[in-house]
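# Chain and residue survey
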Amino acid sequence: MGSERQISGLFTRDTQRDRVVPPTGFTATLTLFTSAVMGFLVVFALALSLASSRLADHWSDALARSATLKISAPAEQLEQQVEKALAILNTTPGIEQATVLNLNDQRRLLEPWFGADVPIELLALPALIDIREEKKGFDSDNLRLRLVADVPGAVLDDHTRWRRPLVVAAERLSALGLFSILLMTGASAAMITLAARAAMSANAQVISVLRLIGAKDAYIAAAFVRRFSLRAFSGAAIGSLCGAVVFFFLTGAQDDLSILTGIGFQGLEWLWLFLIPPVFGGVALLATQRAAQKVLGMLS
Amino acid sequence: MIEFDAASYSYTGGELLSEMSLTITPGAFYFITGPSGSGKTTFLKMCYGALLPNSGGLQIFGRDVRELTRDDIALIRRNIGVIHQDCQFLDHLSVTENIALPLSVSGQDRLSDNLNLKELLTWVGLKGRASALPPELSGGERQRAALARAVINSPELILADEPTGNVDWDMSQRLLQLLIELNKMGKTVLLASHDLSLIRLAKSQVQARVLRIANKRIQLAGADL
């Protein structure tokens, strides 16, 4: 009952109580500045985390539904083996479509390495078949066994080998972003705790007067807690607003740079930013409350 | 109201008050007198639970101080008005806000709703100084403001520690009259002072008991005062 009243007291506005602590001091600036900077950085960490998560989903989803069949054979046998491979692929459950890459497709693939003018028709290149899977996928082991028998030069690549590390890397990057947010929040809590303790020690005389006239610990603590929580909330709001503005213009201006501009917010993801100020306010509330109890215990 | 039972108090430097046994009875007017450093302030601080006896017993409003939590002591202090020599104000708040602070602390009516505040300011003669800040007040005005703050919650007990120490004789008399008025309203008053003229003046107007602290002990003073 008492603690409920104590907590509800933090949220009710008491003009007189809110004024008992002198409004100025370096701790006010420190709390506001720290929260603003941390709020700004949290926006970046959140953007990184969300973008990595998006990337992991995208790679996982896009590459999971495609595979490539490479057929290396003497020129006179190549066409025959391709036809056999197509026949097998078209009768394999779970394969939606199998398309042989023509010379133009192959030229486009090699262009980044050899340039646009390479005489690709003179090169002994393997034939490539692009496989699109159905949602349920296909049995790659079974397909390999069938290909070994009829198309000895075929090598099936279902992209697992390099898809998995990419997805894992993106997932780790996302986790790193979340971990950074935790670190920043923790650092803010530590900074606010120090600021609150410094403020209370500097206002020992105020606390002494309040005790003299019968103030309970909850009343004294609330005067400091409310102030620090509001400062942390305001600082984080300013910081996250600045971060949001930066990302809004960053992504808007460079649409063509998909990897870089991927680090940002899309659609409903922007709503996450509204959580930053209340979280900082809550963290400050808990940190200051704890600091206040400690200092009031020491000053008694 | 307050009961000392062989209570002693020691600082790290040694014993200051030794085996005090006395009872503060409701409605009485007490003077605490004694030389500087004899322990008058310490005695008053024990009366409102700011200091605990090292040995012996002390009960405030029937409760053993050793069993009280900080919040219990806070509740008890709402029934005790304390006036220090240095007044102890919050310098960034106006006189009115300082005087009304005990109301906010005890969760009573807000400042604007308190109709008694104007009467109280008039009673202590600070009506025209309501919006002044404490550093702008003279010594006498500060003491009167401290008195107003001490009584705004209508406490049963008023403790005044050398309230006339920094003011002239006229102002001392005025403060004394205010305390006597409060006593006549039924409040118990404990006034620490080494000013014998003031004590004699009070005794001519009210039945005051004089407690003298000497040689670490407290005793009822004789008829010489």
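These notes cover the structure that comes with them. A quick note: this is a predicted structure, and the numbers were derived from the prediction, not measured. (Residues numbered from 1 in each chain as written. Chains lettered and ligands numbered in written order. Predicted model: local features only at pLDDT ≥ 70, side-chain atom pairs only at ≥ 80, totals over all residues. Heavy atoms only, no water.)

### Overview of the overall build of chain B
Along chain B, the regular secondary structure elements total seven helices and 10 strands. In terms of overall size, chain B behaves like a compact globule, its C-alpha atoms giving a radius of gyration of 17 Å where 225 residues would be expected to give roughly 17 Å. With the C-alpha coordinates aligned to their principal axes, the bounding extent of chain B is approximately 45 × 40 × 35 Å. In chain B, buried positions account for 55% of the 225 residues. Excluding contacts between residues fewer than 6 apart, the proportion of contacts in chain B whose partners are at least 24 apart in sequence is 70%. Total accessible area on chain B is roughly 9,700 Å²; 46% of this is exposed by carbon and sulfur atoms. Computed over 23 positive and 24 negative side-chain charges, the separation of the two mean positions in chain B equals 2 Å. (Helix = DSSP H or I, 4+ residues; strand = E, 2+ residues; numbered from the N terminus. Rg over C-alpha atoms; globule rule 2.2 N^0.38 Å. Buried < 20%, exposed > 50% of the residue type's maximum accessible area, 1.4 Å probe, protein only. Contact = heavy atoms within 4.5 Å. Areas by Shrake-Rupley, 256 points an atom, 1.4 Å probe, with all protein chains shown as cover. Lys, Arg positive; Asp, Glu negative; His and termini not counted. Charge placed at Lys NZ, Arg CZ, Asp CG, Glu CD.)

### Considering the sheet that holds strand β4 (residues 55–60) of chain B
Residue and element names in this part refer to chain B. In spatial order, the strands read β2-β1-β4-β5; together these four strands make up an open sheet with antiparallel pairing. The open sheet terminates on both sides in strands that have one partner only, identified here as β2 (14–24) and β5 (63–64). Pairing of β4 with β5 involves two bridges; the strand directions are antiparallel. Looking at the pairing, I60 lines up with R63 of β5. Along the sheet face, helix α1 (residues 40–47) touches β1 (2–11), β2 and β4 and points at about 130 degrees away from the line of β1. (Pairing = 2+ DSSP bridges. Axes fitted to C-alpha atoms, helices over the stretch in contact; angles between N-to-C directions.)

### Structural notes on the packing of helix α3 (residues 95–105) of chain B against helix α4 (residues 116–123) of chain B
Residues and elements named next belong to chain B. Following both chains from N to C, one finds α3 and α4 inclined at 115 degrees, their axes separated by 11 Å at the closest point. Relative to α4, the element α3 lies roughly perpendicular. Between α3 and α4 lies a crossing of right-handed hand. For the pair α3 and α4, the contacting residues are V95, T96, I99 and A100 in the first and L117, L120 and L121 in the second. Residue composition of the contact of α3 with α4, grouped by class: six nonpolar, one polar and no charged. (Parallel < 35°, antiparallel > 145°, perpendicular 65-115°, else oblique. Left-handed = near helix turned anticlockwise from the far one by under 90°. Nonpolar A, V, L, I, M, F, W, Y, C, P; charged D, E, K, R; others polar.)

### Concerning the sheet that holds strand β7 (residues 157–161) of chain B
Residues and elements named next belong to chain B. Across the sheet, which stays open at both edges, the six strands sit in the order β6-β7-β8-β3-β9-β10 with mixed pairing between neighbours. Two strands lie at the open edges of the sheet, namely β6 (80–83) and β10 (217–220), each paired on one side alone. Along the sheet, successive strands turn relative to each other by an average axial angle of 20 degrees, direction set aside. Across five bridges, the pairing between β7 and strand β8 (residues 188–192) is parallel. Along β8, the bridge assignment pairs A160 with L191.

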